[in-house]
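Letter by letter, the chains look like this.
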Amino acid sequence: MIRHFKWHKKRDDSLQHGFMRYSPMDDCSDRFRGCSHNRKQTHYHCLKESCDRVYISTSDVQMHANYHRKDTAIIQEGFQRFRATENCATASCLFFGQRTTHFHCRRSGCSFTFKNKADMGNFQKYFPKL
C-alpha cells in the first residue's frame, strides 16, 4: 500500500512540472508511440503541446521545465523566442534564414526583432504602451 501511494505521489509531483511519469510497469505507447523507454525504465514525457522531449533523469526534467517556464515569461512580456534550430518563417526578419537565436515582438503592427535578450527590457523601457 505504501509503495503504491509513493507511485502516485511521484506521478503527481512530475505532473506539477509538466511531465507524465511512467514506471517500467506502465505502458506509455497509447499516448507516446515508439517510445524507446516504454516498459523498460522509469521515464518522463513532457506534456507541453508540440514538445516531444522524454527524459530518464529527474534533474533533466527540472531543467526542461525551466526551459518552458522561461518561454512562458517571454511570451507574457509580448515577445517570442526563436532558437537557432527554429525557423521564424518571417521573410522580413533581419535574422531570417540565419541559425541564430532571436526574438520577435508579438504586438500588433510591430515588426521589431532583436538578438540580445537584454534588448527586450530596453524595448519595454522606451515603448511601454505597445
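Since this is a predicted model, take the numbers as computed values, not measurements.

1. Considerations on the UniProt feature "domain: C2H2-type" (unreviewed entry) in the protein
- Sequence positions flagged by UniProt for "domain: C2H2-type" (unreviewed entry) are, in local numbering, residues 46-68.
- The span residues 46-68 is 48% helical and 13% strand by assignment, and the distance between its end C-alpha atoms comes to 10 Å.

2. As for the packing of aromatic side chains
- Counted under the stated rule, the structure contains five aromatic pairs.
- Judged by centre distance (6.1 Å) and plane angle (65 degrees), the rings of Phe19 and Tyr55 are edge-to-face. Within this pair, whereas Phe19 is found in strand E1 (residues 19-22), its partner Tyr55 is found in strand E3 (residues 54-55), the two being separated by 36 residues in sequence.
- Since its relative accessible area comes to 0%, Phe19 is described here as buried.
- The side chain of Arg11 reaches across the aromatic face of Tyr22, ending 5.3 Å from its centre.
- Lying over the aromatic face of Phe79, Arg107 brings its terminal NZ or CZ to 4.9 Å of the ring centre.

Parameters at a glance
Residues numbered from 1 in each chain as written. Predicted model: local features only at pLDDT ≥ 70, side-chain atom pairs only at ≥ 80, totals over all residues. Heavy atoms only, no water. UniProt positions renumbered as here; feature names shortened; annotations may be inferred. Helix = DSSP H or I, 4+ residues; strand = E, 2+ residues; numbered from the N terminus. Phe/Tyr/Trp six-rings, centres within 6.5 Å; stacked < 30°, edge-to-face > 60°. Buried < 20%, exposed > 50% of the residue type's maximum accessible area, 1.4 Å probe, protein only. Lys NZ or Arg CZ within 6 Å of the ring centre and 35° of its normal.

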